[in-house]
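Summary of structural features
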Amino acid sequence: MRIVSLLSGLAFAVSLGGCNRSSPIANDAVALPDNSVGDAPAAGLAAPANAAAAEAVVRASLPLPNDGMAWSWDGQEGAAEYGAGPQAPAFEIACKDGKLLFHRIDAAPAGGKGTMSFTGNGHAASVPAVAIGDTATLSSSWLATQPPSDTTQAVARVFSGPGPVEIALSGTTTLVTVPSPLSLRPFALCRI
């Protein structure tokens, strides 16, 4: 009988202990609305309560590292040029003889071959490039020539958004362009 009363006392103590323990989920908890993203419900709160919104504001306020470069149009050449001015382009897109030319003006080794990559606006594309020019005088550069194709359509998608585009090529400094409708003109001329 003594064991039975000890077991009943122990069971009663355990049940009392369970009554005082709080649940990890409150009984009056409410589900967030279905259209809530991240910590969007904190939109009315002062920073840093809404970290996602604060980060978006900071990114939007930072200027692009373009060093005063901008897009311009060379009507004579039918080329969109990105650089410090018409006489100093760092990158060009042109439509010549029905082909798109992507020209990265930066030192290239004699006989060099590489891949010119474009990333931006949620898209990425790449084209093969070769070194051109006189490497003895360091007036060389990189050129990629492509007929209208799925590849050139992919490059056009990269440039068609509102955001910056990164142009990368092994051995060169990555170039970050600002958005501009001028960069799309050569694609239109080649009917892409």
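Structure's up top.
The present account deals with the structure reproduced in this document.

What to know about the overall build of the chain
- Check the secondary structure of the chain and you find four helices and nine strands.
- Scanning the chain from its N terminus toward the C terminus, one meets helices and strands in the order α-α-β-β-β-β-β-β-β-α-β-β-α.
- In the chain, buried positions account for 29% of the 192 residues.
- Contacts spanning at least 24 positions in sequence make up 53% of the contacts within the chain whose residues lie at least 6 apart.
- Counting every atom, the chain has about 12,200 Å² of accessible surface; 60% of that belongs to carbon and sulfur.

Notes on empty space enclosed by the protein
- Here the structure, examined in full by the defined rule, presents one cavity of 30 Å³ or more.
- The computed volume of the largest cavity comes to approximately 30 Å³.
- Trp71, Asn121, Phe159, Gly161, Gly163, Pro164, Val165, Thr177, Val178, Pro179, Ser180 and Ser183 are the residues that line the largest cavity.
- Residues belonging to the lining of the largest cavity are distributed by class as follows: six nonpolar, six polar and no charged.

So, the pairing of strand S8 (residues 165–168)
- The two faces of S8 differ: Val165 and Ile167 on one face are buried, but Glu166 and Ala168 on the other face are not.
- Pairing between strand S5 (residues 113–120) and S8: three bridges, direction antiparallel. Across the sheet, residue serine 117 finds its bridge partner in S8, namely alanine 168.
- Where S8 and strand S9 (residues 175–177) come together, three bridges link them in antiparallel fashion. Bridge pairing in S9 links glutamate 166 to valine 176.

Comments concerning the sheet that holds S9
- Taking strand neighbours across the sheet as the criterion, the nine strands line up as S1-S2-S3-S4-S7-S6-S5-S8-S9 in an open arrangement whose pairing is antiparallel. Edge positions in the sheet fall to strand S1 (70–74) and S9, since each of these pairs with one other strand and no more. When strand polarity is set aside, the average angle formed by the axes of neighbouring strands in this sheet is 25 degrees.
- The sheet contact formed by strand S2 (residues 79–83) and strand S3 (residues 89–96) spans five bridges and is antiparallel. Paired with glutamate 81 across the strands is glutamate 92, a residue of S3.
- The strands that helix H3 (residues 150–159) touches are S1, S3, strand S4 (99–104), S5, strand S6 (123–132), strand S7 (141–146), S8 and S9; relative to S6, the one it contacts most, it runs at about 115 degrees.

A closer look at the packing of aromatic side chains
- Using the criterion set out here, one finds nine aromatic pairs in the structure.
- Relative to phenylalanine 187, the ring of phenylalanine 102 has its centre 6.2 Å away and its plane inclined at 45 degrees; by these criteria the two rings are tilted. Here phenylalanine 102 is found in strand S4, whereas its partner phenylalanine 187 is found in helix H4 (residues 185–189), with 85 residues between them in sequence.
- The exposure class of phenylalanine 187 is buried, given its relative accessible area of 2%.
- When the ring of phenylalanine 159 is compared with that of phenylalanine 187, the centres are 6.3 Å apart and the planes differ by 40 degrees; the resulting orientation is tilted. Taken as a pair, phenylalanine 159 in helix H3 and phenylalanine 187 in helix H4 lie far apart in primary sequence, 28 residues in all. In this structure, phenylalanine 159 and phenylalanine 187 share a single accessibility class: buried.

Rules used in this analysis
- Residues numbered from 1 in each chain as written.
- Predicted model: local features only at pLDDT ≥ 70, side-chain atom pairs only at ≥ 80, totals over all residues.
- Heavy atoms only, no water.
- Helix = DSSP H or I, 4+ residues; strand = E, 2+ residues; numbered from the N terminus.
- Buried < 20%, exposed > 50% of the residue type's maximum accessible area, 1.4 Å probe, protein only.
- Contact = heavy atoms within 4.5 Å.
- Areas by Shrake-Rupley, 256 points an atom, 1.4 Å probe, with all protein chains shown as cover.
- 1 Å grid on protein atoms, 1.4 Å probe; cavity = no way out; pocket = protein on both sides within 12 Å on 5 of 7 lines; lining within 4 Å.
- Points joined across faces, edges and corners; volume = space filled by probe spheres on them.
- Nonpolar A, V, L, I, M, F, W, Y, C, P; charged D, E, K, R; others polar.
- Pairing = 2+ DSSP bridges.
- Axes fitted to C-alpha atoms, helices over the stretch in contact; angles between N-to-C directions.
- Phe/Tyr/Trp six-rings, centres within 6.5 Å; stacked < 30°, edge-to-face > 60°.

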